[in-house]
Amino acid sequence: GQSLEQPSEVTAVEGAIVQINCTYQTSGFYGLSWYQQHDGGAPTFLSYNALDGLEETGRFSSFLSRSDSYGYLLLQELQMKDSASYFCAVSLSYNTDKLIFGTGTRLQVFP
Amino acid sequence: NAGVTQTPKFRVLKTGQSMTLLCAQDMNHEYMYWYRQDPGMGLRLIHYSVGEGTTAKGEVPDGYNVSRLKKQNFLLGLESAAPSQTSVYFCASTRKRSGGIQGNEQFFGPGTRLTVL
């Protein structure tokens with residue numbers, strides 16, 4: 001089967017740094033994406049890694065190690081508005097871009 | 001530019017009733033997807049389409065049918081609703097890849113909250 005594992009919940013305070021890990025076992029792999037979802041809202045794209053290493057987008061960075069089937073999302077200078085659920089997702093193939101999602105990590109940011 | 005829109009936003013059905021959820025996108029995307037999201041879980045792919053007139057099964061296709069008669073629309077049908085189909089349904093779309101290793105962001109609609117009694 002296919003599985004993506006993430007911690008269910010993470011808490012932090014404003015201004016802090018938090019790392020959300022994702023380990024995956026899938027039948028195919030074309031890339032690892034991260035999505036953010038606020039309560040009652042739709043998922044929105046944050047970042048993507050196809051190759052090993054770190055990708056930086058403003059306060060958010062994402063890392064991938066294909067040999068370890070592992071990635072993480074790093075959120076810096078946390079703000080209250082970052083309180084949301086974060087999902088990692090594996091793209092299974094180039095031709096269809098089907099995504100398999102993890103079960104999500106709920107981040108709560110406290111003042 | 002509305003992006004991805006879904007109709008209806010909410011619906012309550014009785015067991016055995018049928019309904020169709022409509023997804024429309026105005027970004028000229030080739031690929032479209034239907035997901036369901038249950039409490040505390042990630043999104044699971046129901047069906048998807050890589051172009052007008054083509055559809056394929058995802059992870060959890062049983063009890064659902066889809067059609068993509070026009071490029072901009074992707075319909076999800078429930079022929080005989082069951083309580084197990086109570087969920088939030090999201091439609092998403094993305095462009096066809098044109099080579100390279102760049103990300104391929106999926107754009108999601110606002111979702112349809114369906115309750116089956």
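Everything numeric here is computed off the predicted structure, so don't read it as measured data.

**What to know about the interface of chain A and chain B**
- On the chain B side, the residues contacting the 23 residues of chain A number 27 residues.
- Together chain A and chain B conceal approximately 2000 Å² of surface at their shared face, both sides included; 58% is due to carbon and sulfur atoms.
- Summed over the three residues of chain A that lose the most area to chain B, namely Tyr94, Asp97 and Phe101 of chain A, the buried surface amounts to 25% of that side.
- Where chain A packs against chain B, one counts 7 residue pairs in polar contact (both at pLDDT 80 or more).
- Elements represented by at least two residues in the side of chain A that touches chain B include exactly β4 (31-37), β5 (44-49), β9 (84-91) and β10 (99-101) of chain A.

**Considering the layout of surface pockets**
- Within this model, the largest pocket holds a volume of roughly 500 Å³.
- In terms of lining residues, the largest pocket is bounded by 27 residues, among which Gln37 and Gly40 of chain A together with Gln37, Pro39 and Arg113 of chain B are the most central.
- Of all the elements in the fold, those that place two or more residues in the lining of the largest pocket are β9 and β11 (105-110) of chain A together with β9 (87-94) and β11 (112-116) of chain B.
- With 3 residues, β9 of chain B is the single largest residue contributor to the lining of the largest pocket.
- Residues that form the lining of the largest pocket fall into these classes: 7 nonpolar, 15 polar and 5 charged.
- Approximately 180 Å³ is the volume found for the second largest pocket.
- As for the second largest pocket, its lining consists of Gln2, Ser3, Leu4, Ile100, Phe101, Gly102 and Thr103 of chain A together with Met41, Gly42, Leu43, Arg44 and Glu59 of chain B.
- Where the lining of the second largest pocket is concerned, the elements lending two or more residues are β1 (3-5) and β10 of chain A together with β5 (43-51) of chain B.
- Residues of the lining of the second largest pocket, tallied by class, amount to 5 nonpolar, 5 polar and 2 charged.

**Regarding the pattern of salt bridges**
- Under the counting rule described, the total for this entry stands at 6 salt bridges over all chains.
- One salt bridge connects arginine 106 of chain A with aspartate 39 of chain A, and the closest N-O pair in it is separated by 2.8 Å. One end of the pair, arginine 106 of chain A, is in strand β11; the other, aspartate 39 of chain A, is in the loop between β4 and β5, and 67 residues separate them in sequence.
- The exposure class assigned to aspartate 39 of chain A is exposed, which follows from its relative accessible area of 59%.
- Here aspartate 38 of chain B makes a salt bridge to arginine 36 of chain B, at a shortest N to O gap of 3.0 Å. Taken as a pair, aspartate 38 of chain B and arginine 36 of chain B share a single burial class, namely buried.
- Several salt bridges share partner residues, and in doing so they unite Arg36, Asp38 and Arg44 of chain B into one network.

**Considering the packing of aromatic side chains**
- In this structure the tally under the stated criterion is 16 aromatic pairs over all chains.
- Taken together, a centroid distance of 5.4 Å and an interplanar angle of 70° make the contact between tyrosine 30 of chain A and tyrosine 94 of chain A edge-to-face. Pair noted here: tyrosine 30 of chain A is in the loop between β3 (18-25) and β4 and tyrosine 94 of chain A is in the loop between β9 and β10, with a separation of 64 residues, a long-range link.
- Here the aromatic cluster, defined as three or more aromatic residues joined through ring pairs, consists of Tyr35, Phe45, Phe87 and Phe101 of chain A together with Tyr33, Tyr35, Tyr48, Phe90 and Phe108 of chain B.

Conventions we followed
- Residues numbered from 1 in each chain as written.
- Chains lettered and ligands numbered in written order.
- Predicted model: local features only at pLDDT ≥ 70, side-chain atom pairs only at ≥ 80, totals over all residues.
- Heavy atoms only, no water.
- Contact = heavy atoms within 4.5 Å.
- Buried area = accessible area lost by both parts, 1.4 Å probe.
- Polar contact = N/O pair within 3.5 Å; in protein donor to acceptor, adjacent residues only side chain to side chain.
- Helix = DSSP H or I, 4+ residues; strand = E, 2+ residues; numbered from the N terminus.
- 1 Å grid on protein atoms, 1.4 Å probe; cavity = no way out; pocket = protein on both sides within 12 Å on 5 of 7 lines; lining within 4 Å.
- Points joined across faces, edges and corners; volume = space filled by probe spheres on them.
- Nonpolar A, V, L, I, M, F, W, Y, C, P; charged D, E, K, R; others polar.
- Salt bridge = Lys/Arg side-chain N within 4 Å of Asp/Glu carboxyl O.
- Buried < 20%, exposed > 50% of the residue type's maximum accessible area, 1.4 Å probe, protein only.
- Phe/Tyr/Trp six-rings, centres within 6.5 Å; stacked < 30°, edge-to-face > 60°.

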